[in-house]
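Summary of structural features
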Amino acid sequence: MVGQKQSSDSEIHLDPNSALKMIQENKDNPNFILIDVRTPAEYDESRIEGSILINYQAPDFKDKIQKLDENKTYLVYCRSGMRSAASVDIMMKMGFEKVHNMIGGIMGWENCGFPVK
């Protein structure tokens, strides 16, 4: 992907097992943010506990992303990994360096048997 000079793809794109480990390791870390980029309806249906919703399809998506602290670490997920990958690309182009995409999205997460709210 364009704009990913800081890290290798394997550091940016995490499988659900690596994502779970990252979430567990950062449970009480205020500098770690879990972002769900699905629609509000999808978010209400099921989500990973502790995630915040920033709808990728909303017209103000980029405005909301720009308000985030570039110095924090972000793990982004969606339904299958496509919107989150696009979101991570956008964030990196905006100057975020510590941003990760969960491969397979919440579908992959649930397929591993991990909990949703």
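See above for the structure.
Below you will find a few notes about this structure. Only a predicted model underlies this, so the values are computations on that prediction, with no experimental measurement involved. (Residues numbered from 1 in each chain as written. Predicted model: local features only at pLDDT ≥ 70, side-chain atom pairs only at ≥ 80, totals over all residues. Heavy atoms only, no water.)

1. Examining the nonpolar core
- Counting 17 residues, the largest nonpolar core has Ile35, Leu68, Tyr74, Met91 and Val99 as the members making the most contacts within it.
- Residue assignment for this core shows that the elements contributing at least two residues are strand S2 (32-36), helix H4 (61-66), strand S4 (73-77) and helix H5 (82-93).
- Top element by residues in this core is H5. It accounts for four residues.
- For valine 99, the contacting residues outside a window of four places in its chain are Ile12, Tyr74, Val76, Val88, Met91 and Met92.
- Ranked by size, the runner-up nonpolar core spans 14 residues in total, among them Ala19, Met22, Phe32 and Tyr77. (Core = buried A, V, L, I, M, F, W, Y, C linked by side-chain atoms within 4.5 Å. Buried < 20%, exposed > 50% of the residue type's maximum accessible area, 1.4 Å probe, protein only. Helix = DSSP H or I, 4+ residues; strand = E, 2+ residues; numbered from the N terminus. Contact = heavy atoms within 4.5 Å.)

2. Considerations on helix H2 (residues 16-25)
- Every buried residue of H2 is listed here: Pro16, Ala19, Leu20, Met22 and Ile23. Buried residues in H2, looked at end-on, bunch into an arc of 160°, giving them a common side. Facing away from the buried side of H2, by more than 90 degrees, are the exposed residues Lys21, Gln24 and Glu25.
- Along its buried surface, H2 packs onto strand S1 (13-14), S2, S4, strand S5 (99-102) and helix H6 (105-111). (Arc of directions from axis to C-beta.)

3. Things to note about the sheet that holds S4
- As summarised here, the arrangement of the five strands in space is S1-S5-S4-S2-S3, forming an open sheet in which the pairing is parallel. Each of the sheet's edge strands pairs with one partner strand only, and the pair in question is S1 and strand S3 (52-53).
- Relative to S5, H5 is tilted by about 170°, and along the sheet it contacts S2, S4 and S5. (Pairing = 2+ DSSP bridges. Axes fitted to C-alpha atoms, helices over the stretch in contact; angles between N-to-C directions.)

4. Some points on the pairing of S4
- Where burial is concerned, most of S4 is hidden: five out of the five residues are buried.
- The alternating pattern of S4 places Thr73, Leu75 and Tyr77 on one face and Tyr74 and Val76 on the opposite face, and all of these are buried.
- Sheet analysis places S2 next to S4, joined by five bridges and oriented parallel. Paired with isoleucine 35 across the strands is valine 76, a residue of S4.
- Relative to S5, S4 runs parallel, the two sharing three bridges. Looking at the pairing, leucine 75 lines up with histidine 100 of S5.
- Crossover S4 to S5 through H5 is right-handed. (Right-handed = clockwise from strand over helix to strand, strands pointing away.)

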